Amino acid sequence: MPTAIAVTSADLVLPPTDQQTPTAALLQAPEAQALELAIGDMHLLLEQHGYVIALYPSGIRPEHERRLHSIRSVLESDRIALVKVDLPPLGLAVLVRQLRQLSICDFSPGVVASAARLLSHYIYAGALLNSVARLDRVPVSLKSHATSWVPGSQFAVLAGPESRLVKVGPNVEPPAGPDFGTHLLVAQGNLQSDWVQETLAPAWKVQAIHDATVPSDSPRWWGTGKLVEFAAHLPDLSVLYQLVSSVRREKCHWCAMELIGDRCAFCSAPLAASENRALPTGVLHHGAGESPGP
């Protein structure tokens, strides 16, 4: 069985892009499930899959995060990776699907778990907003705050891999996007606008546009429900496989799990200084769609 991927919200589980991509397990909030039942469910996942990689947002409620750590502590398991991700909800959902795709490849659980940090750099996650007055996840200037009170104002905000904010207008360029081939996932909220599809998508030269449902946590994350959330991402498993394969693999000196990058996703131990290596740059380029598959 492939390594289990788990999430803390059902709307972080996007439909699969093929028949091979497995779904993700749901780790429910404390008020939705008793701790004893949650421990039992995790134990069953470990029995069935061997390892569990739980991805959850950095803005999760503290009691839900404590629940995750409590379950791992009670089970005394070093086979559970708790991966906190600082991406907007739709971007996180994309990352979850990518790890679900990679979980069926010939990567070890440690490599799949630590690939989350790598792949986050290749997800261009943002939103079109009617106001940035309550946006605290991305730096907002005083001028932008003041402008957001003007009726009809709209802002294009990019939260990852870098933070950018522009006020949308006839002669304003969209935020710079990826220089490699992507698909664009678009979740239409309560903001009536075609700007993402008609302006941003052509500017980013996306290869396809797909619709999605706005995750339940998006209005809180962006500070408004009047939004159109989007995420440009690598859609092909062959490209994801090549990207992860191109990074040097190490063995964690603490728990012996295989990993890529500079930190073990299962025990959080960093590599020793002499072992630290930066992630490769320039692995992908525009049109990188002809990569070998797994």
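Shown above is the structure to which this text applies.
**Concerning the sheet that holds strand β8 (residues 183-188)**
Argument step 1. Reading across from one edge, β7-β6-β5-β10-β8-β9 is the order of the six strands in this open sheet, with mixed pairing throughout. One side of each edge strand has no neighbouring strand; the edge strands of this open sheet are β7 (164-167) and β9 (208-212). Looking at each pair of strands side by side, their axes are set apart by 20° on average, direction ignored.
Argument step 2. In this structure, β8 lies alongside β9, joined through five bridges in parallel fashion. From the neighbouring strand, Leu 185 faces β9, where its bridge partner is His 210.
Argument step 3. Where helix α6 (residues 195-204) meets the sheet, its contacts fall on β5 (124-129), β6 (155-160), β8, β9 and β10 (227-233), and the angle it forms with β8 comes to roughly 160°.

**Some remarks on the pairing of β8**
Strand residues, when the strand is regular, have side chains that alternate between the two faces of the sheet.
Argument step 1. The element β8 is largely enclosed, with a buried count of five among its six residues.
Argument step 2. With α6 bridging β8 and the parallel β9, this β-α-β connection has right-handed handedness.
Argument step 3. Two elements, β8 and β10, share six bridges in a ladder whose sense is antiparallel. Bridging from a neighbouring strand, Leu 184 pairs with Ala 232 of β10.

**Here we look at the packing of aromatic side chains**
Argument step 1. Tallying each qualifying case throughout the model produces seven aromatic pairs.
Argument step 2. When the centroid spacing of 5.8 Å and the interplanar angle of 85° are considered together, the rings of Tyr 51 and Phe 266 count as edge-to-face. A residue pair is termed long-range when its members are at least 10 positions apart, and Tyr 51 in the loop between α1 (35-49) and β3 (52-57) and Phe 266 in the segment after β12 (258-260) qualify at 215 residues.
Argument step 3. When its relative accessible area of 26% is taken as the criterion, Tyr 51 is described as partly exposed.
Argument step 4. Centroid distance Tyr 124 to Trp 204: 6.0 Å. Interplanar angle 75°. Geometry classified as edge-to-face. With Tyr 124 in strand β5 and Trp 204 in helix α6, the pair connects residues that are 80 residues apart, well separated along the chain. Each member of the pair Tyr 124 and Trp 204 is classed as buried.
Argument step 5. Here the aromatic residues Tyr 122, Tyr 124, Phe 180, Trp 204 and Phe 230 are joined through ring pairs into a cluster of three or more.

Each value, and the rule that gives it
- Residues numbered from 1 in each chain as written.
- Predicted model: local features only at pLDDT ≥ 70, side-chain atom pairs only at ≥ 80, totals over all residues.
- Heavy atoms only, no water.
- Pairing = 2+ DSSP bridges.
- Helix = DSSP H or I, 4+ residues; strand = E, 2+ residues; numbered from the N terminus.
- Axes fitted to C-alpha atoms, helices over the stretch in contact; angles between N-to-C directions.
- Contact = heavy atoms within 4.5 Å.
- Buried < 20%, exposed > 50% of the residue type's maximum accessible area, 1.4 Å probe, protein only.
- Right-handed = clockwise from strand over helix to strand, strands pointing away.
- Phe/Tyr/Trp six-rings, centres within 6.5 Å; stacked < 30°, edge-to-face > 60°.

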